[in-house]
Amino acid sequence: MSPAAAVELVGIWKRFPGVIANRDINLRVDRATVHSLVGENGAGKSTLMKTLYGMHRPDEGTISIDGSTVQFRSPTDAIAHGIGMVHQHFMLADNLTVTENIILGAEPVWPELPRWVPLPRVVRSEEARRRLTQLKDDYGIDVDLDETVEHLGVGERQRVEILKVLFRGARVLILDEPTAVLVPQEVDELFSNLRNLVAEGVTVIFISHKLDEVLAISDDITVVRDGTTVTTVKPSEVDKRRLGELMVGSELPQPGTEESTVTDTVELSVRDVSAFASETDDRVVVGNVSFDIHRGEVLGIAGVEGNGQFELVEAILGLRPTTHGTILLGDTDLSTLGVQERRDAGIGYIPFDRHREALLLESPLWENMILGHDRSPRFGSGAWISSRRAQAECDTAVDRFAVATPGNAVPAYALSGGNQQKLIAAREMTAGPSLLIAAHPTRGVDVGAQAAIWEELRRARANGLAVLLISADLDELIGLSDTLLVMFRGEVTAHLDPATATPEQLGMYMAGERQAVA
Amino acid sequence: MKTASITRRNVNWGNIAISLAAPLVALLVATGLTSALMAISGIDPADAFSTLGSRMSERTAWIDATQRAVPLYISAIAVAIGFKMNLFNIGVEGQYRVAMLTVVAVGTSVELPPVLHVTLCIVAAMAAGALWATIPALLKVYRGVSEVISTIMLNYIATGVLAFLFAEVFAIREEGRLNPKSEELPKSAWMPNLVSENLHNISGFIFVAAALGVAYYVLVWKSRFGFRLRASGTNPTAARTAGIDPKRMVVSAMLLSGAVAGLVGMPQVLGDKHAYSSDLQLGLGFSGIAVALLGRNSPVGIIAAAMTFGFLDSAAPFLDLESIPKEIVVIMQGVLVLTVVVVYEIARRVKERRTQERASRSLDAALAVAS
Ligand SMILES: Nc1ncnc2c1ncn2[C@@H]1O[C@H](COP(=O)(O)OP(=O)(O)OP(=O)(O)O)[C@@H](O)[C@H]1O
Ligand SMILES: [Mg+2]
């Protein structure tokens, strides 16, 4: 066979309280290939990659890099061996610029002395810039180096994370669900970057729940089930269906269209709404957006991340002041209401970024269930929280949405990414809202659980729920929506009928094409 | 979900032992460190510790320690309320000083029956503390000024303004009096002592402190407001998205903290001096920060921390008698806070590792049974 593998993992075990995350994992990744890991939520993919990246030590097993056995005590060791990881949840400092974030802790300095020499060093910022610009050009990664990360969308943050890893000289790049919120064009862009990297000898380990993408980019695919590696296949040997069966042992669901349940009653009416980038920055990020969502209707918004979808949602929720326009929920004018009153009026929200906007990571699941719904009698009475009731509610929601967890008292960080997402979907949907704003509702959720969430959405829709759906997954958008809009640079640039719209057509509008006015 | 999930209700005695041992270890390490510091500065640690040790067997020493612990406890609770949502109220000092003068002004200007009079004074103190804390709260909410900076500045302002008001308005000058004093509060405004043994007292305010401790626990861990407070502290973005108004939370937390801070000086003013005077004990607001840290913001932990500080404070004059500089006490307190922070972090990690190892063992056992 080929020479030493870039990465070889043998007999890896990793246990957490109540859970075996990895059991007897064996994985061989050849140099300069894209090797994908697929598997259900909680199968143990992220845990395995954290082991490889030195974030925790395996209970048993060995790691070899380029044929020699290594032991990583920290990510610093892993980086020194050329291993870099972009996490499922980004880890950037919000208030620093892109450049600062990338070079932080790896600044080129003068003089170049060993780490332990306690002498002051000067940060060579122009050198850092030069190298960054070079990297950007080499791999065609587009990002504004001077913007503060706070102002970046999820897609841009990810490019920053990749640059950060490359800047540290990674030869093995681990990407944990990098495409979860990318629209097809961005995915194509990412994939061409990855192919460039592989051509330069970089090895990529890729985790995704989107099997089409996995089949398109991979040289090898390893299936993880129940914490262990089941098999490794070539993309030419399998199709999507077969891969899904290997993963979950059941058939793949489709976001199928069903009979329309749209009623005549308008639940949310957005009229000529505009908003600025911030109090001090009067760039228009939402420009004259108008639409209606009826009870029983799903209105989908397509668009490349960062074209005003997030800001529009913030405006509806009352998190961002509008400069213009009206928003009505039923007959209620929302403009004078605060966030709390709006949510009390019946708005549920599955957010764009679950860690930032929706979870208290250190707190138990049952407290996370309460967040945003603490005024509901389901969780207490009057001024008091009832932990007993909250725990019962949490158990019910966990059952109904099949959240894999050892109990309701574990902290939220102990759940796998997909299970955190399921918990949030459960929280927002069991509250019985009249309008649900669902941003990437199935982000990072495996194919089986995705079907379950879609089913819940359909059922709620049939009962009169109005849904504002924002998704990067065009199949999900077309499959679930009754009406489709495209947003570009803060404006609605196209109205489409999902019955006839194709992903290609959507992609065209998302790239900036304007619909001819009928 | 097919990974083995096992519900374990059995108690982890090892971890409980570690939790109990942590404060003792911290105490030992702190003792060692202070001994070293004393030895370096030419003091015999044995002398100092034997003085402290002999105090421990004296009943009056504990009465004094408790008396001193009461305002420290109140002060630490005031600080802890802010800590729970990542607000650093460094201004407890200024807030309680303002409250002391306010109470004297209010208390001397009305005539009321005993219980009512004391109650009025307590309410006035809380109102004054809260009012003084409103300034940094509003500055933070409307101008984005860090509460750390504004409360420190306001401490200085309070000191200056109070000194001026006291000298120009409240102080009664009498011939031959060294410590100027304000008019005395009428007897009806005095808080009686719970314990009084020839000059060693415990103020009735110990009940107020106990009630505060319970209220703090219930409010922070059982009420909706407390949930919102903690949520805002752990993830401000998520809290805001959930409809928790950050401005309102900052203002309420600051006001609450300030109201509690207003009570810090009451054991002195209503229970002991019965007037505003130039020999009031100051600095309790700063000690409160250390006590809150030592007690790790827990209502029970703060009791232990306040007693420790109170005991050391009350022992200071006795060290002086043995010609050991009494400032040693402050050094001990500082070292103790630092060691506790470090030791507790280590204990947390050890417990985490043990939990993991336990999990491995019990899972393996379960698998062995299953297969
Ligand atoms: N820090 C932790 N503490 C306790 N349990 C954990 C921790 N991290 C992960 N787990 C558990 O380990 C298992 C594997 O989680 P992991 O995050 O590796 O799944 P995953 O395959 O990446 O899933 P997903 O597709 O949802 O991201 C899950 O059951 C999870 O609850
Ligand atoms: Mg994962």
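Residues numbered from 1 in each chain as written. Chains lettered and ligands numbered in written order. Predicted model: local features only at pLDDT ≥ 70, side-chain atom pairs only at ≥ 80, totals over all residues. Heavy atoms only, no water.

1. Regarding the overall build of chain A
- When helices and strands are counted, chain A shows 17 helices and 24 strands.
- In terms of overall size, chain A behaves like a compact globule, its C-alpha atoms giving a radius of gyration of 23 Å where 518 residues would be expected to give roughly 24 Å.
- Across its three principal axes, chain A shows a C-alpha extent of roughly 70 × 50 × 50 Å.
- Taking all 518 residues of chain A together, the buried fraction comes to 58%.
- If you take every contact in chain A between residues at least 6 apart in sequence, the share linking residues at least 24 apart comes to 67%.
- About 21,100 Å² of surface is accessible on chain A, with carbon and sulfur atoms providing 49% of the total.
- Averaging the locations of the 49 positively and 75 negatively charged side chains of chain A gives two centres separated by 5 Å. (Helix = DSSP H or I, 4+ residues; strand = E, 2+ residues; numbered from the N terminus. Rg over C-alpha atoms; globule rule 2.2 N^0.38 Å. Buried < 20%, exposed > 50% of the residue type's maximum accessible area, 1.4 Å probe, protein only. Contact = heavy atoms within 4.5 Å. Areas by Shrake-Rupley, 256 points an atom, 1.4 Å probe, with all protein chains shown as cover. Lys, Arg positive; Asp, Glu negative; His and termini not counted. Charge placed at Lys NZ, Arg CZ, Asp CG, Glu CD.)

2. Here's the deal with helix α6 (residues 184–199) of chain A
All names here are of chain A.
- End to end, α6 covers 22 Å across 16 residues, agreeing with the expected 22 Å (1.5 Å per residue, within 8%).
- Looking at α6, one finds that the buried residues are Glu186, Val187, Leu190, Phe191, Asn193, Leu194, Leu197 and Val198. Burial along α6 is one-sided: seen end-on, the buried residues are contained in an arc of 160 degrees. Residues of α6 that are exposed and point over 90 degrees away from its buried face: Asp188 and Ala199. (Expected span 1.5 Å × (residues − 1). Arc of directions from axis to C-beta.)

3. Focus: a nonpolar patch on the surface
All names here are of chain B.
- A contiguous nonpolar patch, built from Trp13, Ile16 and Leu20 and spanning about 370 Å² of accessible area, is present on the exposed surface.
- If you trace the backbone, tryptophan 13 turns up in helix α1 (residues 13–40).
- In this structure tryptophan 13 comes out as exposed when scored by relative accessible area, which is 62%. (Patch = residues over 30% accessible without salt bridge, like charges linked within 9 Å, V, L, I, M, F, W, Y side chains within 5 Å. Salt bridge = Lys/Arg side-chain N within 4 Å of Asp/Glu carboxyl O.)

4. Observations concerning the domain arrangement of chain A
Residue and element names in this part refer to chain A.
- With domains assigned, chain A is organised as domain 1 (7–248), domain 2 (253–346 + 434–518) and domain 3 (356–432).
- Between the C-alpha centres of domain 2 and domain 3 there is a distance of 25 Å.
- The interface of domain 2 with domain 3 comprises 17 residues on the first partner and twelve residues on the second.
- When residues of domain 2 are sorted by the area they lose upon contact with domain 3, Arg343, Ile453 and Glu456 head the list and together hold 38% of the total.
- Across the domain 2-domain 3 interface, the total number found is three salt bridges. (Domains from an automatic or database assignment. Buried area = accessible area lost by both parts, 1.4 Å probe.)

5. Remarks on the sheet that holds strand β13 (residues 266–278) of chain A
Residue and element names in this part refer to chain A.
- Strand order in the open sheet made by the four strands is β14-β13-β16-β17, with antiparallel pairing throughout. Two strands bound the open sheet, and with one partner strand each, they are β14 (281–294) and β17 (332–333).
- Pairing between β13 and β14: eight bridges, direction antiparallel. Following the sheet pairing, leucine 268 is matched in β14 by isoleucine 293.
- In this fold helix α9 (residues 309–317) packs onto β13, β14 and β16 (324–329), with an angle of close to 70 degrees to the strand it touches most, β14. (Pairing = 2+ DSSP bridges. Axes fitted to C-alpha atoms, helices over the stretch in contact; angles between N-to-C directions.)

6. Quick word on the pattern of salt bridges
Residue and element names in this part refer to chain A.
- Applying the stated criterion to the full structure yields 37 salt bridges over all chains.
- As a salt-bridge pair, aspartate 30 and arginine 28 come within 3.3 Å of each other at their nearest N and O atoms.
- The salt bridge partner of glutamate 127 is arginine 130, with a shortest N-O separation of 3.3 Å. A residue pair is termed a helical-turn pair when its members lie 3 or 4 positions apart in one helix, as glutamate 127 and arginine 130 do in helix α4 (residues 125–139) at three residues.

7. Here we look at the sheet that holds strand β11 (residues 220–225) of chain A
All names here are of chain A.
- One open sheet holds the six strands; their spatial order is β6-β9-β10-β3-β11-β12, and the pairing between them is mixed. Of all strands in the sheet, those bounded by a partner on one side alone are β6 (83–86) and β12 (228–233). Going from strand to strand, the sheet's axes swing by 20 degrees on average, the running direction of each strand aside.
- Judged from the four bridges that link them, β6 and strand β9 (residues 172–176) form a sheet pairing that is parallel. Following the sheet pairing, valine 86 is matched in β9 by leucine 175.

8. Things to note about unusual backbone geometry
- Positioned with a positive phi, Ala402(A) is a non-glycine residue whose angle comes to about 50 degrees.
- Its place among the elements puts Ala402(A) in the loop between α13 (387–400) and α14 (417–430).
- Judged by relative accessible area, which is 48%, Ala402(A) ranks as partly exposed.
- The backbone of Leu199(B) sits at a positive phi, close to 75 degrees, despite the residue not being glycine.
- Here Leu199(B) is to be found in the loop between β1 (193–197) and β2 (200–203).
- Overall, the relative accessible area of 81% leaves Leu199(B) in the exposed class.

9. Details of helix α1 (residues 45–52) of chain A
Residues and elements named next belong to chain A.
- Burial within α1 is extensive, with seven of its eight residues counted as buried.
- Taken as a whole, α1 has its buried residues at Lys45, Ser46, Thr47, Leu48, Met49, Thr51 and Leu52.
- Glycine 54 occupies a position one or two residues after α1 and carries a positive phi of about 75 degrees.

10. Quick notes on the site of ligand 1
- Ser46(A), Thr47(A), Ala414(A), Ser416(A) and Gly418(A) are the nearest of the 21 residues found near ligand 1.
- At the site occupied by ligand 1, the surrounding residues belong to chains A and B.
- With respect to ligand 1, the backbone of Gly42(A) contributes an N or O atom lying 2.8 Å from an oxygen atom.
- Computed on the free molecule, ligand 1 has an accessible area of 640 Å², of which 91% lies beneath the protein chains in the complex. (Near = heavy atom within 4 Å. Polar contact = N/O pair within 3.5 Å; in protein donor to acceptor, adjacent residues only side chain to side chain.)

11. Considerations on empty space enclosed by the protein
Residues and elements named next belong to chain A.
- Inspection of every chain in the model, using the stated rule, returns three cavities of 30 Å³ or more.
- In this model, the largest cavity occupies a volume close to 80 Å³.
- Mapped by element, the contributors of at least two residues to the lining of the largest cavity are α5 (154–167) and α6.
- Per-element tally for the lining of the largest cavity: the top contributor is α6, with four residues.
- Its residues assigned to classes, the lining of the largest cavity shows four nonpolar, three polar and three charged. (1 Å grid on protein atoms, 1.4 Å probe; cavity = no way out; pocket = protein on both sides within 12 Å on 5 of 7 lines; lining within 4 Å. Points joined across faces, edges and corners; volume = space filled by probe spheres on them. Nonpolar A, V, L, I, M, F, W, Y, C, P; charged D, E, K, R; others polar.)

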